[in-house]
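Observations on the model geometry
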Amino acid sequence: MLLRIKKQEPMFGYICVLGVRIVENKLEGIVENITFQAVDGSFTVFRLKPGSESGIVAVTGNFPPPLVGEQVTLTGEWVEHTRYGRQFKAVSCRRIAPTSEKGIERFLASGAIKGIGPAMADRLVKHFGLRTLEIIELSPHRLAEVEGIGSKKVEQIRKSFAEQSELKEVMLYLEMHGVSGAYAARIFACYGSDSVAIVEADPYRLAEEVKGIGFRIADQIAMAVGFDRGHPSRLAAGVQFALLMTGQAGHCCVPAEMLTAETAKLLHLDAAEIANVVSEQIRLGKLYTEDFHGMTLVYPRYLYRAEKQVAERLLRLKDKAKPIDDIDSQSQTLVDSWEASAGVTLAVAQRDALAAALCHGVLVLTGGPGTGKTTTVKGILALLEQQGFKIVLGAPTGRAAKRLAETTGREAATIHRLLEAGGGLEEDPLFARGEDNPLDADVVIVDETSMMDMVLMSCFLQAVPDGCRVVLVGDVDQLPAVGPGSVLKDIIRSAAIPVVRLIEVFRQAGESMIVLNAHRINRGHLPEYGSLDFQFRELDGSEAAAQAIVELCQNELVQEGFDSRRDVQVLSPMHRQPCGVENLNRLLQAALNPPVDGKDYLQGVNQVLREGDKVMQIRNNYTKRVFNGDIGYILAIAEGKVLVRYPEEDIVYDKGEYDELTLAYAMSVHKSQGSEYPVVVMPLTPGHHIMLQRNLLYTAVTRAKERVILLGTRAALNTAVMSDRTRRRYSLLAERLRGESLC
Ligand SMILES: Nc1ncnc2c1ncn2[C@@H]1O[C@H](COP(=O)(O)OP(=O)(O)OP(=O)(O)O)[C@@H](O)[C@H]1O
């Protein structure tokens, strides 16, 4: 039931649907000028002369700017901006060609049509009057009647006008179908004049082909242009999308029933109907499957390939190591002599690791902080080098590689750099190193292996030549990789690859409460706090915790000599809520890098990026060679470009690439994996309840070198320590490694 409840402003009114206020205000007028436009077309501020109101109105909207002089019909709502006062916040903008002579002249004079400036606009309108636009569109040859227009100019004007009207036509068509202007611009950029035809014929193509449009938006468009909810294209696209989503949730594959249920939920259709589609797609070989103990597991193609390759390569490398003469009888003597020369008495497990690295093609070395992994790696390095082997060191992130280089005193690079990344997509990266052009190494040692997902591991192992030894080092109790699979855990679970687990902690109380507490947390015991290096500050309420975090970063830690932007990392279990990553970033940006005259900035959809900001790259960009989780600082913003300084190099982001960057004063614990910071600050509030898990807290705490400061409630701390339910990620890697029959 719709009920008009009040009418406060000319041309607008609130509409109430069952008590929920929705907005259906309309405003019409002529665009006076464009005050601000985000370079990627995602945000616009302009001034409008309304047809019905006196004065000029400020309008904001998440769409590309209309043209000056154009008549527009806006829907949206009136808001009171704290700084700019009353504004109309438009959700849609329909552009109507100007109809009066004055309007036409202003429109042409605005520079919208290449080749026409104010003087030419005046001449054209004087000559053709109200028919000017019609002449440009239908009889452009007549433009030559106007003084100063030759045949070249005629062609330039005709072409530019056609482009404008095509875009307008697409915009209009899509807006009529409820698609916002920003998407329309993207569709037009991809398909040009074919846009409408493609949208009408197969809107699900957009999800695969148009940057920034996923299944959900494509589906909205399809519904709007009249596709049936049960249309075969919709069902097929829905199954594929649900399958991709499972990869994003960390699975490599999912049981067919789960895929059916997820697709049915996504499409709001009956599960039985979807089950038929899934079976049919399996029968036609359109889905990759494995049958395991009566269960059909469905894979996205790229993960099926990756998982199989990881298992095949590991088993092959395990058995194909370049032999060392008499190693079985010699290994203990070699370990003894390294201990003596290094002046260390190794623990039994450490000795086992050194011997295993000599004897096996693949070795996994796992252990928590302070259990002697680095010491063991140094021993492995020395022993294998004695054999004349060429050793290469790598890690999944820049930070982890840097640390590996520091602790071993040798060169270490990111896996991406080792593989010579150069383009490709997230799920299908292009690496110069691979099976045909393998790494030049006899041994590769990888640190922080828990962060490697199935795709990266598969690319890496393919680039390892037969005969090369691989040592995978990591802490299996950390959170798994952000991407699909829990590769390290599954390799260990398979029991098919030699594993050495270090459990003795060599650090003493007093030396490091951080390390000792990390182990307490990992065992399910509450941490001991009260020392300077491990603090828990009890605070009630998320707002109070957020404010306390800002105060810490802005004042307290600075007074102690820390550089808040570089030494301190705020980690949060969640994205939303007052203590979530997004809000903390807003608060910390305002406190640590406030707006200052002369400091350039860009207004994105959800964030402002300002010179001086600490930012993070949020997806792998193989072309730019900057990767998910890399942290940098904005050096400059100019002419629509953003220059970011990363530890390894400076990278320029063009228009359309800003959404690869996010503020990084605060980040999720997942994103912090593989990095270490002098100080880690983390809120633990009841609002984060579902995310409060032991391995999350463990991962956060082990990121800190000098100090951990937790803020929140005891109950939340308790929940985090006690909750060790980790969701199993579907994958058959362990089974493949064990050689189990998959049917
Ligand atoms: N067998 C040992 N006996 C005595 N001390 C040891 C032994 N192995 C390592 N240590 C010492 O324990 C500390 C931690 O060792 P190491 O740095 O190798 O561990 P780690 O697992 O790499 O730790 P982290 O993950 O915290 O960097 C170091 O001070 C190291 O010298």
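About the cut-offs
Residues numbered from 1 in each chain as written. Predicted model: local features only at pLDDT ≥ 70, side-chain atom pairs only at ≥ 80, totals over all residues. Heavy atoms only, no water. Buried < 20%, exposed > 50% of the residue type's maximum accessible area, 1.4 Å probe, protein only. Helix = DSSP H or I, 4+ residues; strand = E, 2+ residues; numbered from the N terminus. Pairing = 2+ DSSP bridges. Axes fitted to C-alpha atoms, helices over the stretch in contact; angles between N-to-C directions. Contact = heavy atoms within 4.5 Å. Left-handed = near helix turned anticlockwise from the far one by under 90°. Nonpolar A, V, L, I, M, F, W, Y, C, P; charged D, E, K, R; others polar. Arc of directions from axis to C-beta. Phe/Tyr/Trp six-rings, centres within 6.5 Å; stacked < 30°, edge-to-face > 60°. Lys NZ or Arg CZ within 6 Å of the ring centre and 35° of its normal.

Burial along strand β26 (residues 641–645) is one-sided: V642 and V644 are buried, while K641, L643 and R645, pointing the other way, are not. Where strand β25 (residues 631–638) lies against β26, 5 bridges are found, and the strand directions are antiparallel. Considered in β26, the bridge of A636 is made with L643. Between the end of β25 and the start of β26, which pair antiparallel, lie 2 residues, with E639 showing a positive phi angle near 50 degrees. Sheet analysis places β26 next to strand β27 (residues 650–653), joined by 4 bridges and oriented antiparallel.

Looking now at the sheet that holds strand β20 (residues 534–538). Through backbone hydrogen bonds, the strands of a sheet pair up, either in parallel or in antiparallel fashion. Read from one edge of the open sheet, 5 strands run β20-β31-β30-β21-β29, paired in parallel fashion. Strands with a single pairing partner mark the edges of an open sheet, and in this sheet they are β20 and β29 (666–668). Pairwise comparison of adjacent strand axes, ignoring direction, gives a mean angle of 25 degrees for this sheet. When β20 meets strand β31 (residues 704–712), the two strands line up parallel, connected through 5 bridges. Considered in β31, the bridge of Q535 is made with I709. Contacts from helix α20 (residues 513–523) reach β20 and β31, with the element oriented near 60 degrees to β31. Strands β20, β21 (568–572), β30 (677–684) and β31 of the sheet are contacted by helix α21 (residues 542–559), whose axis makes an angle of about 140 degrees with β31.

Here we come to the packing of helix α1 (residues 101–109) against helix α2 (residues 118–128). Here α1 crosses α2 at 150 degrees, and the two axes come no closer than 8 Å. Like other packed secondary-structure pairs, α1 and α2 cross with a definite hand, here right-handed. Where α1 approaches α2, its residues E101, I104, E105, L108 and A109 are matched on the opposing element by P118, A121, D122, L124 and V125. For the contact of α1 with α2, the per-class residue count stands at 7 nonpolar, no polar and 3 charged.

On to α2. Those residues of α2 that fall on the buried side of the exposure criterion are M120, A121, L124, V125 and F128. Buried residues in α2, looked at end-on, bunch into an arc of 130 degrees, giving them a common side. In this structure, α2 carries P118 and K126 as exposed residues pointing more than 90 degrees from its buried face. In the stretch just after α2, G129 is the one whose phi turns positive, near 60 degrees.

Here a ring pair, both rings aromatic, is described through the centre-centre distance and the interplanar angle of the planes. Inspection of the entire model under this criterion finds 7 aromatic pairs. Centroid distance Y204 to F227: 6.2 Å. Interplanar angle 75 degrees. Geometry classified as edge-to-face. Here Y204, found in the loop between α6 (195–201) and α7 (205–209), pairs with F227, found in the loop between α8 (215–224) and α9 (232–248); they are 23 residues apart in sequence, far enough to count as distant. Just as Y204 is buried, F227 falls in that class too. Note on Y299 and Y304: the rings are 5.2 Å apart at their centroids and 80 degrees apart in plane angle, and the pair reads as edge-to-face. Connected via pairs of aromatic rings, a cluster forms that spans Y204, F215, F227 and F241. Sitting over the face of the ring of W78, R86 holds its NZ or CZ atom 3.6 Å from the ring centroid.

That's the geometry; what it means functionally is another story.
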